Amino acid sequence: MSRIFAIGDPHLSRARPKPMDVFGDNWAGHDERIFAACRELVGPDDLLILAGDISWATRLVDALLDLEDIGKLPGTKLLLKGNHDFWWSSRAKVERAVHESIRLLQNDSFLFGDVAIAGGRGWTLPGDEWFTDEDEKISRREVERIRLSFESLAGRKYSHLIAALHYPPMNSRHEGSEVTELLEHYGVETCIYGHLHGDGIAAGFVGERNGIRYRLVSADSIGFRPVEVAHAKPGVL
Ligand SMILES: [Fe+2]
Ligand SMILES: [Fe+2]
């Protein structure tokens, strides 16, 4: 039996170190603490989902230092894009450059044993006063990308379905959205997401709704230690 872990927002910056403790004392030495916790918890047969905001780098060549560190961690690492991952412009280029234990989730889905993982970056959702016309455009596009990810599951065999997102699937009032509709339609059991930090953590919905368990996994919301979100059996039931 393999285990599936998740953590979001490592916000690494080995090329141009960016001290994160400006965001709070709890961020001091966060990168080493995340890596140590991953080495302690995640085994070689396990999967670690990194739910976006991987690196502050803006160019792939700089992000590669962070991706190298991630590649050395035990197990398979499944990465998705966050709003800060400007280095991730070409999927093919990233895939060519990273260790084979790193996999990308982008407009597609990933099978790990009998567990399927689908999702994507997402965006701010309607219903909050700061939601602009520009957000509306981006949000629509991102929902379509998440839909593509779920559609890519057609014909694939799995027993459990996890949604991995960077942005929360609900607005700050915890209203349903096109994203939650997709998760419900496809029978997601657990949805993990990141992006919310510091005071923003309180705005994230955590708990069960309409049969789906929602879990915020941004690094600072989980003490910089990945959390176990599911088990996977080698075959498909
Ligand atoms: Fe983010
Ligand atoms: Fe973040």
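Up top is the structure.
Residues numbered from 1 in each chain as written. Chains lettered and ligands numbered in written order. Predicted model: local features only at pLDDT ≥ 70, side-chain atom pairs only at ≥ 80, totals over all residues. Heavy atoms only, no water.

Looking now at the pairing of strand β1 (residues 2-7). Within β1, five of the six residues are buried, which leaves the element mostly enclosed by the surrounding structure. Both β1 and strand β2 (residues 47-51) contribute to a ladder of four bridges, which runs parallel. Looking across to β2, one finds that A6 is bridged to I49. The β-α-β motif built from β1, the intervening helix α1 (residues 30-41) and the parallel element β2 has right-handed crossover chirality. (Buried < 20%, exposed > 50% of the residue type's maximum accessible area, 1.4 Å probe, protein only. Helix = DSSP H or I, 4+ residues; strand = E, 2+ residues; numbered from the N terminus. Pairing = 2+ DSSP bridges. Right-handed = clockwise from strand over helix to strand, strands pointing away.)

A sheet is described by the order of its strands in space; here six strands give the open sequence β5-β6-β7-β8-β10-β9, paired in mixed fashion. Sheet topology places β5 (110-112) and β9 (207-209) at the edges, where each strand pairs with a single neighbour. In this sheet, adjacent strand axes meet at a mean angle of 25° when their direction is disregarded. Direction of pairing for β5 relative to strand β6 (residues 115-120): antiparallel, over a ladder of three bridges. Its bridge partner lying in β6, F110 is registered against I117. Along the sheet, helix α4 (residues 133-151) contacts β6 and β7 (160-165); its crossing angle with β6, the most-contacted strand, is approximately 165°. Lying over the sheet, helix α5 (residues 178-186) contacts β7, β8 (190-193) and β10 (212-216), oriented at roughly 135° with respect to β10. (Axes fitted to C-alpha atoms, helices over the stretch in contact; angles between N-to-C directions. Contact = heavy atoms within 4.5 Å.)

A separate point is the coordination of the iron ion (ligand 1). Of the protein atoms, only D53 (OD), N83 (OD1), H166 (NE2) and H195 (ND1) coordinate the iron ion (ligand 1), at distances of 2.1 to 2.2 Å. Here the donor residues of the iron ion (ligand 1) are spaced in sequence according to D-x29-N-x82-H-x28-H. Take N83: its relative accessible area is 16%, and that puts it in the buried class. Look at H195 and you get partly exposed, because its relative accessible area is 22%. (Donors = N, O, S within 2.8 Å, 3.2 Å for Na, K, Ca; no water.)

What follows concerns unusual backbone geometry. One non-glycine residue, D53, lies in the positive phi region at around 50°. Turning to its location among the elements, D53 is positioned in the loop between β2 and α2 (60-71). With phi around 75°, H195 is a residue other than glycine that occupies positive phi space. Within the secondary structure layout, H195 lies in the loop between β8 and β9.

In short, geometric facts, not functional conclusions.
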